[in-house]
Amino acid sequence: MSEQTILRIENLHKAFQNTEVIKGISFEIQEREVVVIIGPSGTGKSTLLRCINLLTRPDMGRIWLEDLEITAPNTKVDQVRQHIGMVFQDFNLFNHLTALQNVTIGMTKVLKMKPDEAHQKGMWELERVGLVDKAESYPAQLSGGQKQRVAIARALGMNPSVMLFDEPTSALDPELIGEVLNVMQKLAEEGMTMLVVTHEMGFAREVSDRIIFMENGDIVEQGPPKKLFYNPEFERTRDFLWKITELYGKQEPGEA
Amino acid sequence: MGFLQDLLRLFPYLLTGIGITIGVTVIALTTGFTLGVLLATLRVYGGPASRWFAATYSLIIRAVPVIVVIFILFFVIARFVDLSPFLSGSIALGLASGAYQSEVFRGAILSVPGGQMMAARAIGMSRSKAIRYIVLPQAMRLAIPPWSNEAAIVLKDSSLVYVIGVAEILRRAEYVSARTLQPFLAFGAAAVIYFALTFITNRVLDYLERRYKILM
Amino acid sequence: MKHKQYLIIAVLLMTLLLSACASNTGSSDEGYLGTIKERGKLVVGTSADYPPYESVNEAGEFAGYDMDLIREIGKRMGVEVEIKDMAFDALIAAVQEKKVDVVIAAMQSSPERDEKVDFTIPYHYQKDAFLVAADSTIVLNKAMDAAGHSIGVQTGTIQEQWTLDNLVPAGTSEDQVFRYERVDQGALDVKAGRVDLLFINADPAAELAAELGIKVALVTDETVIGGQSIALPEGEKQLQDELNRILGEMESDGTLQQLLETWGIP
């Protein structure tokens, strides 16, 4: 495989009020790769994602998006973020805009697309997440699962080179999780490069190419799902996976 | 002799002042709106200097009675720019209202969830774009109920411009009262007009609020 | 009315502010008079709620003795007259700031006012009067007899100052002095028995008494310290001379007397 490195993270550090949340993390993601980050809560997974798209400024370390070092002093942060899609745990849809407008506002205001062009692309992105019929609905009129799918479409609309998912199903009722995971699986199959923080072990096992197990701000171990699930190097990894599988069940994508 | 007859005779005269009252109110509210949104944005998103400026402006203006602001502006500002009493009175009222409106909009901006700004930044919007397209449109809608309160206050405060010689409804009522010595009649008629104006304004704003309500 | 007090604060504040920066509008040899003549218009400030001197008639025009007087002066100066109405308290500041050229508002010169503006020679001496309710038993033989009774005055007037300077030391408590923005408000309170006396100029007093069925208890000149004069910006000698000249002319040719008769002023 001679695929390009999309994201390279080198020795990343971040502390909040003297508490070190990320303690020198390094890893890479290749094009079309789906990487899942797992680990106990409070381990710095969300902080890591926010550092990657610079919503939080890392204290130390370097990040490359393709060939560009985005932690360099003169980086145009707003431009960098256009290329990194972000999906939040609590959706953060723009409440005053319809589903379609949520998807198109970035296209018109950031990418400067023409309104009819944006409309067309917006509808296409909604099609990808299966919500064309909700184009004119406002966030308050959508279910949690639908909101998250609109949020995914919104991020896709910017043509990102990588998508970051920050516990995208954690705020959802169990019966709504499946529809979101299905959309994510479809994206993975289309070849989208993805970095996903989640507790959905079914998704991690079936969809990801690699799992990173994090604990206390550091990577414990990483590898293909098979290796981590069936033959982990560390006892801690086994314990965590066992506990989390008990807690969240073994739902596979497509089951719901 | 008809009290009612007198009242009816009086109305057309007082009503000629209604255009001025509405004019003063509209100019003051528009000026105050522009200033209020600007100050509120500086207050929440500005650097230390602009935050300080906005907070101090609001504090000082709100501590001074509106009539004093009108008076000072009429004489001091109008020294450099030759404005009619109507315009300088309206603008002065607007500058005062701007301080109150900045508090209204500041509260509204702060009640827009923080995730909205974060999500806007995440799709590559600059801070100013995020404020303009995401935060402010939501804040405006949240601000409608307290803003309609301020609109009613400005409408009533518009009578204060009489001190610098703008003959709006209240001053006209005073003329009639001085001439006829029937203050009850004159001011009663003025009260009816003010009530009608406030009532209509509130109705329009209520409609806007319902029309643009955001469910969260 | 409480915003009256704020106004006074504002006036004081302004005086401080403005005394710092001197104005300089006088242009030609004739000074400010020249400016007025060039412009072809005399801008006059008044407070049109004081019939028979100044008020707004049913047609919405400024009417009264002072109004006719100043229009005649304008005619003799060869300029148009534009009348601007504002609060009485704002008038002195308005003339100081040259928002208006002159002020005519049944205003008497006083030491306090003289510090801020100049005055013409008096064009009318008006007596003062005390009003009481129709059934009042109060008898006044001289102004000082008013001491001890509750008394209404108009804010910012000479009568207010006289009351504070003379009646208050003689037994009227500060709480007994009621200030009204307009004289008719005070007259209505006298009628309703809310205040014993109303102390104002004699002419409006006669008018109010007739209209409301209350009594004039005393007409006096003991309290009069100056006649009614036209106020103008300080130091504008040419303008002052011109106004004085015309007033003198109107006095001698009988115009002033005629105007007094027109408006029923004794």
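Quick notes on the rules
- Residues numbered from 1 in each chain as written.
- Chains lettered and ligands numbered in written order.
- Predicted model: local features only at pLDDT ≥ 70, side-chain atom pairs only at ≥ 80, totals over all residues.
- Heavy atoms only, no water.
- Pairing = 2+ DSSP bridges.
- Helix = DSSP H or I, 4+ residues; strand = E, 2+ residues; numbered from the N terminus.
- Axes fitted to C-alpha atoms, helices over the stretch in contact; angles between N-to-C directions.
- Contact = heavy atoms within 4.5 Å.
- Buried area = accessible area lost by both parts, 1.4 Å probe.
- Salt bridge = Lys/Arg side-chain N within 4 Å of Asp/Glu carboxyl O.
- Polar contact = N/O pair within 3.5 Å; in protein donor to acceptor, adjacent residues only side chain to side chain.
- Nonpolar A, V, L, I, M, F, W, Y, C, P; charged D, E, K, R; others polar.
- Core = buried A, V, L, I, M, F, W, Y, C linked by side-chain atoms within 4.5 Å.
- Buried < 20%, exposed > 50% of the residue type's maximum accessible area, 1.4 Å probe, protein only.
- Parallel < 35°, antiparallel > 145°, perpendicular 65-115°, else oblique.
- Left-handed = near helix turned anticlockwise from the far one by under 90°.
- pLDDT = per-residue confidence, 0-100.
- Patch = residues over 30% accessible without salt bridge, like charges linked within 9 Å, V, L, I, M, F, W, Y side chains within 5 Å.
- Areas by Shrake-Rupley, 256 points an atom, 1.4 Å probe, with all protein chains shown as cover.
- Lys, Arg positive; Asp, Glu negative; His and termini not counted.
- Charge placed at Lys NZ, Arg CZ, Asp CG, Glu CD.
- Expected span 1.5 Å × (residues − 1).

**Quick look at the sheet that holds strand β3 (residues 34–38) of chain A**
Residue and element names in this part refer to chain A.
Step number 1: Strand order in the open sheet formed by 6 strands is β6-β7-β8-β3-β9-β10, and the pairing between neighbours is mixed. Looking along the sheet, the strands with just one partner apiece sit at the ends: β6 (84–87) and β10 (218–223). This sheet shows a mean twist of 20° between the axes of neighbouring strands, independent of strand direction.
Step number 2: With 4 bridges joining them, β6 and strand β7 (residues 162–166) adopt parallel strand pairing. Looking across to β7, one finds that Met86 is bridged to Leu164.
Step number 3: Across the sheet, helix α5 (residues 144–156) touches β6 and β7, and the angle it forms with β6 is around 170°.
Step number 4: Together, β3, β7 and β8 (194–197) form the strand contacts of helix α6 (residues 174–190), whose direction differs from that of β8 by roughly 155°.

**Describing the interface of chain C and chain B**
Step number 1: Taken together, the contact between chain C and chain B spans 36 residues of the former and 29 residues of the latter.
Step number 2: Here chain C and chain B share an interface that buries about 2800 Å² over both sides, 65% of which is from carbon and sulfur atoms.
Step number 3: Connecting chain C to chain B are 3 salt bridges.
Step number 4: Here Asp85(C) and Arg171(B) are joined by a salt bridge, their closest N and O atoms 2.6 Å apart.

**Section: the interface of chain B and chain A**
Step number 1: Of the residues lining the interface, 20 residues belong to chain B; the matching set on chain A comes to 23 residues.
Step number 2: A combined buried area of about 1900 Å² lies between chain B and chain A, and 65% of that area is made up of carbon and sulfur atoms.
Step number 3: Sorting the residues of chain B by area buried against chain A places Met118(B), Ala122(B) and Ile123(B) first, and these three jointly supply 30% of that buried surface.
Step number 4: Counting across the chain B and chain A interface gives 1 salt bridge.
Step number 5: Among the ionic pairs, Arg121(B) bridges to Asp78(A), the shortest N-O distance being 3.3 Å.
Step number 6: In this structure, the connection of chain B to chain A is made through 5 residue pairs in polar contact (both at pLDDT 80 or more).
Step number 7: Residues belonging to the side of chain B that touches chain A are distributed by class as follows: 12 nonpolar, 5 polar and 3 charged.

**Thoughts on the nonpolar core**
Step number 1: Judged by nonpolar contacts, the single largest core of 106 residues is most densely connected at Phe27(A), Leu48(A), Ile52(A), Leu195(A) and Met125(B).
Step number 2: By residue number, the principal contributor to this core is helix α7 (residues 127–157) of chain B, which donates 12 residues.
Step number 3: Excluding its chain neighbours within four sequence positions, the residues that come into contact with Ile52(A) are Leu7(A), Ile9(A), Phe27(A), Ile63(A), Ile70(A), Ile84(A), Leu164(A) and Leu195(A).

**A closer look at the packing of helix α3 (residues 99–109) of chain A against helix α4 (residues 115–128) of chain A**
All names here are of chain A.
Step number 1: Closest axis-to-axis distance for the α3/α4 pair is 9 Å, and the angle between their directions is 130°. Viewed along their axes, α3 and α4 adopt a mutual orientation that is oblique. As for the relative orientation of α3 and α4, their crossing is right-handed in sense. On the side of α3, the interface is formed by Leu100, Val103, Thr104, Met107 and Thr108, while α4 contributes Pro115, Ala118, His119, Lys121, Gly122, Met123, Glu125 and Leu126.
Step number 2: When grouped by side-chain class, the residues that make up the contact of α3 with α4 number 7 nonpolar, 4 polar and 2 charged.

**Some remarks on the packing of helix α2 (residues 18–45) of chain B against helix α3 (residues 48–63) of chain B**
All names here are of chain B.
Step number 1: Interhelical geometry of α2 versus α3 gives an angle of 130° and a closest axis separation of 8 Å. Comparing the axis directions of α2 and α3 gives the class oblique. Crossing hand, α2 versus α3: left-handed. Residues Leu35, Leu39, Leu42 and Arg43 of α2 form the contact with α3, whose own contacting residues are Ser50, Arg51, Phe53, Ala54, Ala55, Tyr57 and Ser58.

**A look at the sheet that holds strand β7 (residues 128–132) of chain C**
Residues and elements named next belong to chain C.
Step number 1: The strand order β9-β8-β10-β7-β11 describes an open sheet built from 5 strands, whose pairing is mixed. Looking at the sheet topology across the chains shown, the edges are occupied by β9 (177–180) and β11 (215–220). Adjacent strand axes in the sheet meet at a mean angle of 25°, parallel and antiparallel pairs treated alike.
Step number 2: Note that β7 and strand β10 (residues 197–201) share 4 bridges and pair antiparallel. In the strand pairing of β10, Phe130 is matched with Phe199.
Step number 3: Of the strands in this sheet, β7, β8 (151–154), β9 and β10 are in contact with helix α7 (residues 183–192), which crosses β10 at around 150°.
Step number 4: Relative to β10, helix α8 (residues 202–212) is tilted by about 130°, and along the sheet it contacts β7, β10 and β11.

**Considerations on unusual backbone geometry**
Step number 1: For the bond running from Pro51(C) to Pro52(C), omega is 5°, close enough to zero to count as cis.
Step number 2: Summarising the element assignment, Pro52(C) is placed in the loop between β1 (41–46) and β2 (55–56).
Step number 3: In the Ramachandran plot, Phe91(A) falls in the positive-phi region, its phi being about 65° despite a non-glycine side chain.
Step number 4: Note on placement: Phe91(A) falls in the loop between β6 and α3.
Step number 5: For Lys112(A), which is not glycine, the phi dihedral falls at a positive 60°.
Step number 6: Checked against the element boundaries, Lys112(A) lands in the loop between α3 and α4.
Step number 7: Residue classification places Lys112(A) among the exposed positions, given a relative accessible area of 58%.

**A short note on the pairing of β3(A)**
All names here are of chain A.
Step number 1: Among the 5 residues in β3, 5 count as buried, and that is most of the element.
Step number 2: Direction of pairing for β3 relative to β8: parallel, over a ladder of 4 bridges. From the neighbouring strand, Val34 faces β8, where its bridge partner is Met194.
Step number 3: Pairing of β3 with strand β9 (residues 210–215), which is carried by 4 bridges, proceeds in the parallel orientation. Residue pairing for β9: Ile37 is matched across the bridge by Ile212.

**Some thoughts on the confidence of the model for chain B**
Step number 1: Predicted confidence across chain B gives a mean pLDDT of 89, with 97% of residues reaching 70 or more.
Step number 2: With pTM at 0.80, the complex prediction returns an ipTM value of 0.90.

**So, the pairing of strand β4 (residues 60–65) of chain A**
All names here are of chain A.
Step number 1: As paired strands, strand β1 (residues 5–16) and β4 are joined by 5 bridges and run antiparallel to one another. The residue of β4 that forms the bridge with Arg8 is Trp64.
Step number 2: Judged from the 2 bridges that link them, β4 and strand β5 (residues 68–69) form a sheet pairing that is antiparallel. Bridged to Leu65 within β5 is Leu68.
Step number 3: Linkage of β4 to β5, two consecutive antiparallel strands, is achieved through a turn of 2 residues, within which Glu66 is found at a positive phi near 50°.

**A look at a negative patch on the surface**
Residues and elements named next belong to chain C.
Step number 1: On the surface, Glu112, Asp114, Glu115, Asp165 and Glu234 cluster together into a negatively charged patch.
Step number 2: Mapped onto the elements, Glu112 comes out in helix α5 (residues 111–114).
Step number 3: By relative accessible area, Glu112 is classed as partly exposed at 42%.

**Digging into α5(A)**
Step number 1: Here α5(A) is 13 residues long and its end C-alpha atoms lie 18 Å apart, about the 18 Å a rise of 1.5 Å per residue gives.
Step number 2: Taking burial as the measure, the 13 residues of α5(A) include 12 buried ones, the bulk of the element.
Step number 3: Among all positions of α5(A), only Gly144(A), Gly145(A), Gln146(A), Gln148(A), Arg149(A), Val150(A), Ala151(A), Ile152(A), Ala153(A), Arg154(A), Ala155(A) and Leu156(A) are buried.
Step number 4: The elements touched by buried residues of α5(A) are β6, α3, α4, β7 and α6 of chain A together with α6 (114–122) of chain B.

**Some remarks on the environment of Tyr57(B)**
All names here are of chain B.
Step number 1: Among the secondary structure elements, Tyr57 is positioned in helix α3.
Step number 2: Along the chain, Tyr57 and Ala99 lie 42 residues apart, while their C-alpha atoms are 6.9 Å from each other.
Step number 3: Leave out the neighbours within four places in its chain, and Tyr57 touches Leu35, Leu39, Leu95 and Ala99.
Step number 4: Engagement of the side chain of Tyr57 in a polar contact is seen with the backbone oxygen of Leu95, the distance being 2.8 Å.

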